[in-house]
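# Reading the structure
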Amino acid sequence: LQVVTTVYPMYEFTTRVAGDHANVTALVPIGVEPHDWEPTAKDMSSLAQADLFVFNGAGMESWTEEALKGIENSKLIVVEATAGIELLEGEGHDHNHDDHDHDHAQSEHDEHEHGEDEHHEQEEGHHLDPHVWLDPVLAQQQVESIKRALIKADPDHRSDYERNATAYLAELQELDQEFRTAVQNGKRKEFVTQHAAFSYLAKRYGLKQVPISGLSPEVEPSAAQMAEIVAFAKEHQVKTIYFETLVSPKIAERVAKEIGAQTAVLNPLEGLTKEEQASGHDYISIMKQNLSELKKSLDQE
């Protein structure tokens, strides 16, 4: 079975369920930040020959709709892994609509209103938070969707797909339990991140994510937003500011310096770095690293 996936979590979930019965490839290369990535002609050609295409959805891969229109492949089964999951609005910088932002958004909206519907839908998609996989419970739903699609594409190996999925779901359930225990024992609920990627995780475990910038990790916060974050961090005596692996930590470092805090990695798992791949890391091991980093904030007096 030829299976094409997009971002790292989709690749990981699919390989774990497919086992030996599929050749699974990831379009977004190792070490590449996926928000602005676009497929090449070679990628399109592998999609045209695939049996199954697994993508996250929720605006993460804004190119999928156009890409799928452009290929003629009647046998292709397409899985949008966030389908049927209640999606959250993006939070953080992108959504602090002061008047200037609002006017800007409005004029852009007017310009695009007469454009094609799909373009408009893509724009709307930017306001959803795609990082569903960071909630171990929702990750289980994504795994179930992928399992159903694999069975549909290759019913002969149904029992293997079911067995592989059950084993992996048990690991995800155990991960969920570890998060619940850690959070119950934590002394505080809030954590400060450079990138607003952890809303689903925060919602699941009753935590409060305070993002420096919005859904796009490259967006620089304004001076007013920086001042707001610094004030919050001082008031709550925040000791750790989290940044992520695939983008520059300079914004997190700036805030940390202003308040005398340290920085640490909280990994949104949008992709692995080459080092993480080389040392055999995967979704579960990195989520456990995230948990041990998060505990430093949650356990602070």
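Residues numbered from 1 in each chain as written. Predicted model: local features only at pLDDT ≥ 70, side-chain atom pairs only at ≥ 80, totals over all residues. Heavy atoms only, no water.

## Overview of the overall build of the protein
Selection rule: The secondary structure listing takes helices from DSSP runs of H or I that are at least 4 residues long and strands from runs of E that are at least 2 residues long, numbered from the N terminus. Here the term buried applies to any residue with accessible area under 20% of the maximum for its type, exposed to any over 50%, and partly exposed to those in between, with areas from a 1.4 Å probe on protein chains only. By the convention used here, residues are in contact when the closest approach between their heavy atoms is within 4.5 Å. Accessible surface area values rest on a Shrake-Rupley calculation with a 1.4 Å probe, where residue burial reflects the displayed protein chains alone.
For the protein, the count of helices and strands is twelve helices and eight strands. Taking all 301 residues of the protein together, the buried fraction comes to 50%. If you take every contact in the protein between residues at least 6 apart in sequence, the share linking residues at least 24 apart comes to 71%. Summed over all atoms, the accessible surface of the protein reaches about 14300 Å², with 47% contributed by carbon and sulfur.

## Section: the pairing of strand 8 (residues 262-265)
Here is the rule we go by: Here the rule is simple: two strands pair whenever DSSP picks up at least two bridges between them. Here a crossover is taken to be right-handed if, once the strands point away from the viewer, the path from the first strand over the helix to the second is traced clockwise.
Bridge count for strand 7 (residues 240-243) against strand 8 is four bridges, and the pairing is parallel. When the bridges of strand 8 are listed, Phe243 appears paired with Val265. With respect to chirality, the unit in which strand 7 leads through helix 10 (residues 250-259) into the neighbouring parallel strand 8 is right-handed.

## Re the sheet that holds strand 1 (residues 2-5)
To keep things clear, this is the line we draw: Angles shown run from 0 to 180 degrees and are taken between the N-to-C directions of axes, each axis being a line fitted to C-alpha atoms and, for helices, limited to the stretch in contact.
Taking strand neighbours across the sheet as the criterion, the four strands line up as 2-1-3-4 in an open arrangement whose pairing is parallel. This sheet does not close on itself; its edge strands, each paired only once, are strand 2 (23-26) and strand 4 (77-80). Across the sheet, the mean angle separating the axes of adjacent strands is 20° when strand polarity is ignored. Pairing between strand 1 and strand 3 (residues 52-55): three bridges, direction parallel. Along strand 3, the bridge assignment pairs Val3 with Leu52. Of the strands in this sheet, strand 1, strand 3 and strand 4 touch helix 6 (residues 136-153), which is tilted by about 175° from strand 4.

## A look at the packing of helix 7 (residues 158-185) against helix 12 (residues 283-298)
When two helices pack together, their arrangement is given by the angle between their axes and by how far apart the axes lie. We apply this condition: An angle counts as roughly parallel when it lies under 35 degrees, as roughly antiparallel when it exceeds 145, as roughly perpendicular when it falls between 65 and 115, and as oblique in every other case.
Their axes nearest at 10 Å, the elements helix 7 and helix 12 cross at an angle of 5°. Taken together, the axes of helix 7 and helix 12 are roughly parallel relative to one another. Note on element contacts: helix 12 touches helix 7 through Tyr283, Ile284, Met287, Lys288, Leu291, Leu294, Lys295 and Leu298, opposite Tyr168, Glu171, Leu172, Glu174, Leu175, Glu178, Phe179, Ala182 and Val183.

## Topic: the nonpolar core
Filter applied, for reference: Side-chain atoms within 4.5 Å link the members of a nonpolar core, which is a set of buried Ala, Val, Leu, Ile, Met, Phe, Trp, Tyr and Cys residues.
If you look at the biggest cluster of nonpolar residues, it comprises 63 residues, and the most contacted ones within it are Phe13, Leu207, Leu269, Tyr283 and Leu294. Those elements giving two or more residues to this core turn out to be strand 1, helix 1 (8-18), strand 3, strand 4, helix 6, helix 7, helix 8 (199-204) and helix 12. For this core, the leading source of residues is helix 7, giving nine residues. Counting residues in each nonpolar core, the second largest holds 17 residues, with Met226, Ile229, Ile251 and Ala261 among its members.

## Observations regarding the packing of aromatic side chains
Selection rule: For Phe, Tyr and Trp, where Trp contributes only its six-membered ring, two rings pair if their centres lie within 6.5 Å, and the inter-plane angle classes them as stacked under 30 degrees, edge-to-face over 60, or tilted in between.
Counted by the stated rule, this structure contains seven aromatic pairs. Ring geometry for Trp37 and Trp63: centres 5.5 Å apart, planes at 70°, overall edge-to-face. Residue Trp37 is found in the loop between strand 2 and helix 2 (41-48), and its partner Trp63 is found in the loop between strand 3 and helix 3 (64-69); the two are separated by 26 residues along the sequence. Summarising the aromatic geometry, the rings of Phe179 and Tyr205 are spaced 5.3 Å apart at their centres and angled 15° between planes, so their arrangement reads as stacked. Placement of the pair is Phe179 in helix 7 and Tyr205 in the loop between helix 8 and strand 6 (208-211), with a sequence separation of 26 residues. Overall, Phe179 belongs to the buried group, its relative accessible area being 1%. For Tyr205, a relative accessible area of 7% translates into the label buried. Clustering of aromatic rings is evident, with ring pairs tying together Trp37, Phe53, Phe55 and Trp63.

## Regarding the pairing of strand 6
With four bridges joining them, strand 5 (residues 190-193) and strand 6 adopt parallel strand pairing. In the strand pairing of strand 6, Val192 is matched with Val210. For the crossover that starts at strand 5, traverses helix 8 and ends in the parallel strand 6, the hand is right-handed.

## Remarks on the environment of Gly206
Summarising the element assignment, Gly206 is placed in the loop between helix 8 and strand 6. Taking the relative accessible area as the measure of exposure, Gly206 reaches 47% and is therefore partly exposed.

## Some thoughts on the environment of Glu178
Looking at where Glu178 falls in the secondary structure, it is placed in helix 7. For the pair formed by Glu178 and Leu291, sequence separation is 113 residues and the distance between their alpha carbons is 8.3 Å. Those residues in contact with Glu178 that sit more than four places away from it in its chain are Lys288 and Leu291.

## Digging into the pattern of salt bridges
Operational definition: The term salt bridge refers to a pairing of a side-chain nitrogen on Lys or Arg with a carboxyl oxygen on Asp or Glu at a separation within 4 Å.
If you walk through the whole model with that rule in mind, you get eleven salt bridges. A salt bridge links Arg16 to Glu171; its shortest N-O distance comes to 2.6 Å. In this pair, Arg16 is assigned in helix 1 and Glu171 in helix 7, connecting sequence segments 155 residues apart. By relative accessible area, which is 28% here, Arg16 ends up partly exposed. Look at Glu171 and you get partly exposed, because its relative accessible area is 29%.

Purely geometric stuff here, so don't read any function into it on its own.
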